[in-house]
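Structural description and commentary
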Amino acid sequence: MEENIREVGRGSVGFGSSYRRGSHADLKKRSEIAAVLGGQVWMIRPDKDAKTANPCLWMQSGVVEFKSCNNFYDCTTCKYDEGMRKQAEKGKHPTWQDAMRRKPSLDRVCRHTLTRRIAGRACAYNYECSACDFDQFFEEVWAAKNPSHPYDTQNIKGFQIPLGSYFHQGHTWARIESGGVIRIGMDDFSLKLLGKADAFDLPLMGKELSQGKVGWGLKRGANLADVLSPVGGVIVEVNSGLREKPMTANCAPYDEGWLFVIRNEDTRGSLKKLMDDTVSLNWMAGEIGKLEAMMESVAGPLAADGGSITDDVYGNLPALGWKNLTRTFLKTE
């Protein structure tokens, strides 16, 4: 998660994989697995020697040979972790904590270092994480305030779509992060559509939001846009920096421009009604086509080459109407 790999990266197909951008000519090659995502060809080469990008604690401690974390490091709700602990209680193998305690002192690193979420840090509590002040700080404070970054993005006519995120039809995104929390923001399309925000009317920490209901607002001059929340849950962190610099959302909607973090008891279930990155690319292309048709209706034919749409659609074409844009794309009045 710390590396932003663009051209060649590591994945977790089987025991791991290498992947790269390809061309349509590569589709005929048999040495790699070809996949097409949003018009972009990706070439994948499974590699048994590759390391998983999200290693499980049971793997890093040496109890199992290979296991990639598929529960966003939320061990408390992980079925695999529960099963492994039950087997350990029966004496079939050590716990990951006991396995780490048997290692030389210099190798007894913090569980967050084991999972590559922080740099080298020694464990000072003999793997009694419930008694560790740093562990609580990391899970409850640090992780929520420090967003992960998309490992890659796709560009569709000037609009960025991050891979690894989920999208709501009201043009908001959600991304599951360390510990199973869900980070939320507005997508690049909506922010370029409405232009520079003067302010965001964000909810307070502790407020409970409902999926598909109005969760916050964006202000520009005398105009206010209500925005639907992509998921439900309790807000555990708000991006206070946006109160002073709302433009951050426009400049980096998927990074420093996030809005808030939500905790939901059913993390995976809350995303079932959203679009993953494979579906969202086609959906976004359709939304851009809809916007182009609206722009042509008030400004005449667009450039023949399609080009990229301006960063401030409403500001350059106010005749489109604020309410018309929010009703059509944000699904609100």
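Only a predicted model underlies this, so the values are computations on that prediction, with no experimental measurement involved.

Looking now at unusual backbone geometry. Of note, the phi angle at Tyr73 is positive, near 60 degrees, even though the residue is not glycine. Here Tyr73 is to be found in the loop between helix 1 (57-60) and helix 2 (79-89). Classification of Tyr73 by relative accessible area gives buried; the value is 6%. Even without being a glycine, His171 presents a positive backbone phi close to 65 degrees. Looking at the element boundaries, His171 is found in the loop between strand 7 (166-168) and strand 8 (172-176). Relative accessible area serves as the criterion here: at 0%, His171 is assigned to the buried category.

The geometry of helix 9 (residues 277-299) relative to helix 11 (residues 322-330) is characterised by a closest axis approach of 11 Å and an angle of 160 degrees between their N-to-C directions. Taken together, the axes of helix 9 and helix 11 lie roughly antiparallel to each other. As for how helix 9 packs across helix 11, the hand of that crossing is right-handed. On helix 11, the residues that touch Glu287, Lys290, Leu291 and Met294 of helix 9 are Asn324, Leu325, Thr328 and Phe329. Looking at the contact of helix 9 with helix 11 residue by residue, the class counts come to four nonpolar, two polar and two charged.

Taken as a whole and assessed by the stated rule, the structure comprises 10 aromatic pairs. Here Phe138 and Trp142 contribute two aromatic rings whose centre-to-centre distance is 5.1 Å and whose plane-to-plane angle is 15 degrees, an arrangement assigned as stacked. One end of the pair, Phe138, and the other, Trp142, are both in helix 5 (residues 133-145), four residues apart, so they sit about a helical turn from each other. In this structure Phe138 comes out as buried when scored by relative accessible area, which is 1%. What makes Trp142 partly exposed here is its relative accessible area of 34%. Ring centres 5.1 Å apart and planes at 85 degrees place the aromatic pair Trp216 and Phe260 in the edge-to-face group. On the criterion of sequence distance, the pair formed by Trp216 in strand 12 (residues 214-220) and Phe260 in strand 15 (residues 260-263) is long-range, its members being 44 residues apart. Residues Trp216 and Phe260 agree in their burial class; the two are buried. Clustering of aromatic rings is evident, with ring pairs tying together Phe167, Trp173, Tyr254 and Trp283. Of note, Lys67 hangs over the ring of Tyr80, and the distance from its end group to the ring centre comes to 4.7 Å.

All right, on to the sheet that holds strand 13 (residues 223-228) then. Ordered by their spatial adjacency, three strands build an open sheet running 10-12-13, and the pairing between neighbours is antiparallel. For this open sheet the edge positions go to strand 10 (199-201) and strand 13, each flanked by a neighbour on one side alone. This sheet shows a mean twist of 25 degrees between the axes of neighbouring strands, independent of strand direction. Here strand 12 pairs with strand 13 via six bridges, running antiparallel. By the bridge assignment, Lys219 is partnered in strand 13 with Leu224. The strands touched by helix 11 within the sheet are strand 12 and strand 13, with strand 13 carrying the most contacts at an inclination of about 5 degrees.

The next thing to look at is the pairing of strand 6 (residues 159-162). Along any regular strand, the residues point their side chains to alternate faces of the sheet. One ladder, built from four bridges, connects strand 5 (residues 153-156) with strand 6; its direction is antiparallel. Bridged to Thr153 within strand 6 is Pro162.

Parameters at a glance
- Residues numbered from 1 in each chain as written.
- Predicted model: local features only at pLDDT ≥ 70, side-chain atom pairs only at ≥ 80, totals over all residues.
- Heavy atoms only, no water.
- Helix = DSSP H or I, 4+ residues; strand = E, 2+ residues; numbered from the N terminus.
- Buried < 20%, exposed > 50% of the residue type's maximum accessible area, 1.4 Å probe, protein only.
- Axes fitted to C-alpha atoms, helices over the stretch in contact; angles between N-to-C directions.
- Parallel < 35°, antiparallel > 145°, perpendicular 65-115°, else oblique.
- Left-handed = near helix turned anticlockwise from the far one by under 90°.
- Contact = heavy atoms within 4.5 Å.
- Nonpolar A, V, L, I, M, F, W, Y, C, P; charged D, E, K, R; others polar.
- Phe/Tyr/Trp six-rings, centres within 6.5 Å; stacked < 30°, edge-to-face > 60°.
- Lys NZ or Arg CZ within 6 Å of the ring centre and 35° of its normal.
- Pairing = 2+ DSSP bridges.

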